[in-house]
Amino acid sequence: MYALRPATPADYDAIAAVLDDWWGRPVAAALPRLFLDHFHRTSLVAEGPGGELAGFLIGFLSPSLPDEAYIHFVGVAPGARKGGLARTMYERFFELARGDGRRVVKAITAPVNGTSIAFHRRMGFAASEPVPGYHGPGTSLVTFSRPL
């Protein structure tokens, strides 16, 4: 039903245009253009039958930690949720990471994002308690780790 393809830098504008709407709160600042400029080969876009943006996964293979891959941001259009699209994108990213010899995938989310925490647990990630100061003073984030 949805076609997955590697992202391109040109996808940034379409993704940025839906971020706050899909999340229902301001999150666009967490996905600067540099992620699509520099990590598009390891990121994915899901398109619906009419070519509309149905989802995306922004991830990369760590250049500093050769065993690790990282998923930075994932979104699924509200009308495409609950159909397995996020799972499909994660599994495709896991394949890409395994193919490059990576042994673990990591991610983070805000403690208020219970949907994300539950999804990551269902996908086999271990979740930490909120880590105070993860992104500096006054921030707490939940970290995830999943062996491949």
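These lines cover the structure that appears in this document, whether it is placed above or below. Note that the coordinates shown come from a computational prediction; the quantities given were computed from them, not determined experimentally.

1. Considerations on the overall build of the chain
The helix and strand tally for the chain stands at 4 helices and 8 strands. Secondary structure elements in the chain, listed N-terminal to C-terminal, are β-α-α-β-β-β-α-β-α-β-β-β. Here the C-alpha atoms of the chain give a radius of gyration of 15 Å, agreeing with the 15 Å that 2.2 N^0.38 yields for 148 residues. Viewed in the frame of its principal axes, the chain has a C-alpha envelope of about 40 × 35 × 30 Å. Buried positions account for 42% of the 148 residues belonging to the chain. Contacts in the chain between residues far apart in sequence, at least 24 positions, make up 60% of those at least 6 positions apart. Summed over its atoms, the accessible surface of the chain is roughly 7,900 Å², and 56% of this surface lies on carbon and sulfur atoms.

2. Here we look at the packing of aromatic side chains
The description of an aromatic ring pair rests on the distance of the ring centres and on the angle between the ring planes. Following the criterion strictly, the structure yields 12 aromatic pairs and no others. When the ring of W23 is compared with that of F56, the centres are 6.4 Å apart and the planes differ by 40°; the resulting orientation is tilted. Taken together, the residues W23 in helix α1 (residues 12-23) and F56 in strand β3 (residues 53-61) connect sequence positions 33 residues apart. A centroid spacing of 5.4 Å and a plane angle of 45° characterise the contact between F60 and Y70, whose relative ring orientation is tilted. Of this pair, F60 sits in strand β3 while Y70 sits in strand β4 (residues 68-76); the two residues are 10 residues apart in sequence, bridging distant segments of the chain.

3. As for the packing of helix α3 (residues 85-99) against helix α4 (residues 114-122)
Contact pair α3 / α4: the axes reach a minimum separation of 11 Å and the direction vectors enclose 55°. Classed by the angle they form, the pair α3 and α4 counts as oblique. Crossing of α3 against α4: the hand is right-handed. Here α3 contributes A86, R87 and Y90 to the contact with α4, which in turn contributes F119, H120 and R122. Looking at the contact of α3 with α4, its residues break down into 3 nonpolar, 1 polar and 2 charged.

4. Things to note about the environment of F144
With respect to the helices and strands, F144 occurs in strand β8 (residues 140-147). What makes F144 buried here is its relative accessible area of 2%. Taking the C-alpha atoms as reference, F144 lies 5.7 Å from F125; in sequence the two are 19 residues apart. Those residues in contact with F144, other than ones at most four positions away along the chain, are V105, K106, A107, I108, T109, S116, I117, H120, F125, A126 and A127.

5. Brief notes about α4
Those residues of α4 that sit buried are S116, I117, F119 and H120. Considered in projection along α4, the buried side chains sweep an arc of 165° and stay on one side of the axis. When the buried face of α4 is taken as reference, the exposed residues oriented beyond 90 degrees from it are T115 and R122. Contact partners of the buried residues in α4: α3, β5 (104-109) and β8. Phi turns positive one or two residues past the end of α4, at G124, with a value near 95°.

6. A short note on the environment of V104
Secondary-structure assignment places V104 in strand β5. Looking at V104, the relative accessible area reads 14%, which means it is buried. The spatial distance from the C-alpha of V104 to the C-alpha of D67 is 6.4 Å, given a sequence separation of 37 residues. The contacts of V104, once residues within four sequence positions are left out, are D67, E68, A69, S145, R146, P147 and L148.

Thresholds applied
- Residues numbered from 1 in each chain as written.
- Predicted model: local features only at pLDDT ≥ 70, side-chain atom pairs only at ≥ 80, totals over all residues.
- Heavy atoms only, no water.
- Helix = DSSP H or I, 4+ residues; strand = E, 2+ residues; numbered from the N terminus.
- Rg over C-alpha atoms; globule rule 2.2 N^0.38 Å.
- Buried < 20%, exposed > 50% of the residue type's maximum accessible area, 1.4 Å probe, protein only.
- Contact = heavy atoms within 4.5 Å.
- Areas by Shrake-Rupley, 256 points an atom, 1.4 Å probe, with all protein chains shown as cover.
- Phe/Tyr/Trp six-rings, centres within 6.5 Å; stacked < 30°, edge-to-face > 60°.
- Axes fitted to C-alpha atoms, helices over the stretch in contact; angles between N-to-C directions.
- Parallel < 35°, antiparallel > 145°, perpendicular 65-115°, else oblique.
- Left-handed = near helix turned anticlockwise from the far one by under 90°.
- Nonpolar A, V, L, I, M, F, W, Y, C, P; charged D, E, K, R; others polar.
- Arc of directions from axis to C-beta.

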